[in-house]
Amino acid sequence: MKRFEDRQWCDSMRLRVDYNNMMREFAGQHGISEDAFSARKAQYDAAACRMEEKRSTMKWRALPFQQKEVVQEIQETAAWVRANCDAFVVLGIGGSALGPIAVQQALSHLRYNELPTEKRGGPKLYVEDNVDPERMASLRDVIDPARTIFNVITKSGSTSETMSQLLWATALLKESVGEAWRDHIIATTDAEKGNLIKIAKENALRTFYVPDGVGGRFSELCPVGLLAAAVCGIDIEELLAGAAYMDGLCSEHDVLKNPAYMLAALEVLAMEQGCNISVLMPYADSLRFMSDWYAQLWAESLGKRYALDGSEIHAGQTPVKALGVTDQHSQVQLYTEGPFDKVITFLGVDRYRTEVVIPHAYDHISDVAFLSGHTFNALIQAEQLATEYAVLKSGHLSKTITLPEVNAFTLGELICLFELQTAFAGELLGIDAFNQPGVEEGKKATYALLGKPGYEQKKAELAARPARNARYQI
Ligand code: PA5
């Protein structure tokens, strides 16, 4: 029996949400009053009903439950890659990259790529989510194409960045391994739409599908994220089990009992009183890239010009990534003494995966000696508590999500929690949280600038933009 099949173990891994420090009773005048919840009860009920009605259309919600066969296929492919390759390169951007990066950072050894091969147990992982020429050239310097698999991930199958990387990888492979180049590319894309599926079919590439209705930033728990995770030796069944468990907790109708709904309700209430910034501050290096993943999820889903009723609202809250304790020495001054425009979400961990004692060395200097004998574990937790206290004392708003441990199960919980929080916040704001028209505009402009057929009108539109005024250039 796997540990996630034991309900008691699952319950012991349940994430905890503490929002005391959001409340007026604790945070003072900028805090949220309990009355605010009762005043909005009807709004929350209606949003919860819509979440229930739309459940079957939110296809990403089914991912933890409906991928048995896909998971098996992923595991088989991953086992082959682990045994035969030195490098696994993800070529993708946005939702096709941030999840794989976050999950690998959370669940693999923190210096995974630097480990000797026998300790790593699988290939090095590179996630290339930029088209900086220096970055592409430097990748060429550290991989042997003959021992590398390129996993090209693009839901739309048309994103310029990813398709240009595919062209680059194809040329590199043809030069290095000739006709065998096809064996070194795995395509992850929509089953029907886009150019990647065409290329994959024409060349009989191994292919995984992004299920219909699963958008980029909600796709970590499908082959987009699962393949890279499995290649790194991560237990993807446990990851999905954690998400399923959280989905259960977040199926409660009552906002007061539903962690995702409550987190969303708090952020939206805070937004209404001018908190335009949402800081995510994990106190664990393993969770640092969860902030990047969350930033995209929150920004791209909620940053919308129009409400569903067509009115212009310019909704959204700017996500900020921070890391405890590092950013205590960079941003916390602003969090405590700056404007009342942000909500800070701390991510804490009860039990780190290792314990390191701070040794004795300079016992005659009492200002240094007080640290000796403690663990780094106690130190980082004390610093988190102290920062939570400092933020509270300054009257700024914060809440804390605690993971009993960082493991595949709790990470699955966290991913599902944030996805549901985002979807519910979208309902409360009355927007479509699942489209990204602002990103599409930039994509189209890039196509036009690079001469993609069909974008002639966009090119003309760009050419007609006002010329730059030299007065404003130095
Ligand atoms: O969340 C989204 O939909 C976007 O951020 C996409 O993931 C990103 O634009 C990449 O798109 P694609 O996977 O189609 O290449």
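Our structure is the block above this text.
Here is what the cut-offs are and how they apply
- Residues numbered from 1 in each chain as written.
- Predicted model: local features only at pLDDT ≥ 70, side-chain atom pairs only at ≥ 80, totals over all residues.
- Heavy atoms only, no water.
- Near = heavy atom within 4 Å.
- Polar contact = N/O pair within 3.5 Å; in protein donor to acceptor, adjacent residues only side chain to side chain.
- Nonpolar A, V, L, I, M, F, W, Y, C, P; charged D, E, K, R; others polar.
- Helix = DSSP H or I, 4+ residues; strand = E, 2+ residues; numbered from the N terminus.
- Contact = heavy atoms within 4.5 Å.
- Pairing = 2+ DSSP bridges.
- Axes fitted to C-alpha atoms, helices over the stretch in contact; angles between N-to-C directions.
- Parallel < 35°, antiparallel > 145°, perpendicular 65-115°, else oblique.
- Left-handed = near helix turned anticlockwise from the far one by under 90°.
- Salt bridge = Lys/Arg side-chain N within 4 Å of Asp/Glu carboxyl O.
- Buried < 20%, exposed > 50% of the residue type's maximum accessible area, 1.4 Å probe, protein only.
- Phe/Tyr/Trp six-rings, centres within 6.5 Å; stacked < 30°, edge-to-face > 60°.
- Lys NZ or Arg CZ within 6 Å of the ring centre and 35° of its normal.

Trainee: Give me the site of the ligand: which residues, what numbers.
Mentor: Within the structure, the ligand sits among 14 residues, and T154, S156, T159, Q296 and E300 are positioned closest to it. Residue G95 places a main-chain N or O atom 2.9 Å away from an oxygen atom belonging to the ligand. The contact in question runs from an oxygen atom of the ligand to an N or O atom on the side chain of S96, over 2.9 Å. When its residues are assigned to classes, the shell around the ligand shows 1 nonpolar, 9 polar and 4 charged.

Trainee: Describe the environment of E355, listing the residues and the values that go with them.
Mentor: One can find E355 in the loop between strand 11 (342–349) and helix 16 (366–369). Between the C-alpha atom of E355 and that of A39, which follows or precedes it by 316 residues, the distance is 46 Å.

Trainee: Now, about the environment of V90: what can you tell me, with residues and values included?
Mentor: Structurally, V90 can be placed in strand 2 (residues 87–91). Residues V90 and L266, 176 residues apart in the sequence, show an inter-C-alpha distance of 36 Å. When sequence neighbours within four positions are dropped, the list of residues in contact with V90 reads S96, L125, Y126, V127, E128, N151, I153 and A228.

Trainee: Pulling in residues and values, what's your account of the sheet that holds strand 6 (residues 206–209)?
Mentor: The 5 strands lie next to each other as 3-2-4-5-6, forming an open sheet whose pairing is parallel. Whereas interior strands pair on both sides, the edge strands pair on one side only; in this sheet they are strand 3 (124–128) and strand 6. Across the sheet, the axes of successive neighbouring strands diverge by a mean angle of 20°, strand direction being ignored. Note that strand 5 (residues 185–189) and strand 6 share 4 bridges and pair parallel. Among the inter-strand pairings, T188 is bridged to a residue of strand 6, identified as F208. Along the sheet face, helix 10 (residues 195–202) touches strand 4 (148–154), strand 5 and strand 6 and points at about 140° away from the line of strand 5.

Trainee: Describe in detail the packing of helix 6 (residues 98–107) against helix 14 (residues 290–302), supporting the description with residues and values.
Mentor: Helices that pack against each other are described as a pair by the angle of their axes relative to one another and the distance between those axes. Closest axis-to-axis distance for the helix 6/helix 14 pair is 8 Å, and the angle between their directions is 150°. Overall, the two elements helix 6 and helix 14 adopt an arrangement that is roughly antiparallel. Here helix 6 runs over helix 14; the crossing is left-handed. Where helix 6 abuts helix 14, its residues L98, G99 and A102 lie against M290, D292, W293 and Q296.

Trainee: Lay out the pattern of salt bridges with the relevant residues and their values.
Mentor: Tallied over the full model, the rule gives 25 salt bridges. For the salt bridge of D129 with R135, the shortest nitrogen-to-oxygen distance reads 3.1 Å. Among the residues examined, D129 registers a relative accessible area of 22% and is labelled partly exposed. Connected through salt bridges with shared partners, the residues K2, D235 and E237 form a single ionic network.

Trainee: If you had to explain the packing of aromatic side chains to someone new, which residues and values would you point to?
Mentor: Going through the model one piece at a time under the given rule, you end up with 12 aromatic pairs. An angle of 45° between the planes, with centres 6.5 Å apart, marks the rings of F37 and Y44 as tilted. Judged by its relative accessible area of 8%, F37 is buried. According to the relative accessible area criterion, Y44 is buried, its value standing at 4%. Seen in terms of ring centroids, Y294 and F418 are 4.8 Å apart; in terms of plane orientation they differ by 50°. Their pairing is tilted. Taken together, the residues span a long stretch of sequence, with Y294 in helix 14 and F418 in helix 18 (residues 408–429) at a distance of 124 residues. Of the two residues, Y294 and F418, both sit in the buried class. Members of the aromatic cluster, joined through ring pairs, are W9, Y245 and F409. In this arrangement the basic side chain of K174 is found over the ring face of W181, its NZ or CZ atom lying 5.0 Å from the centre.

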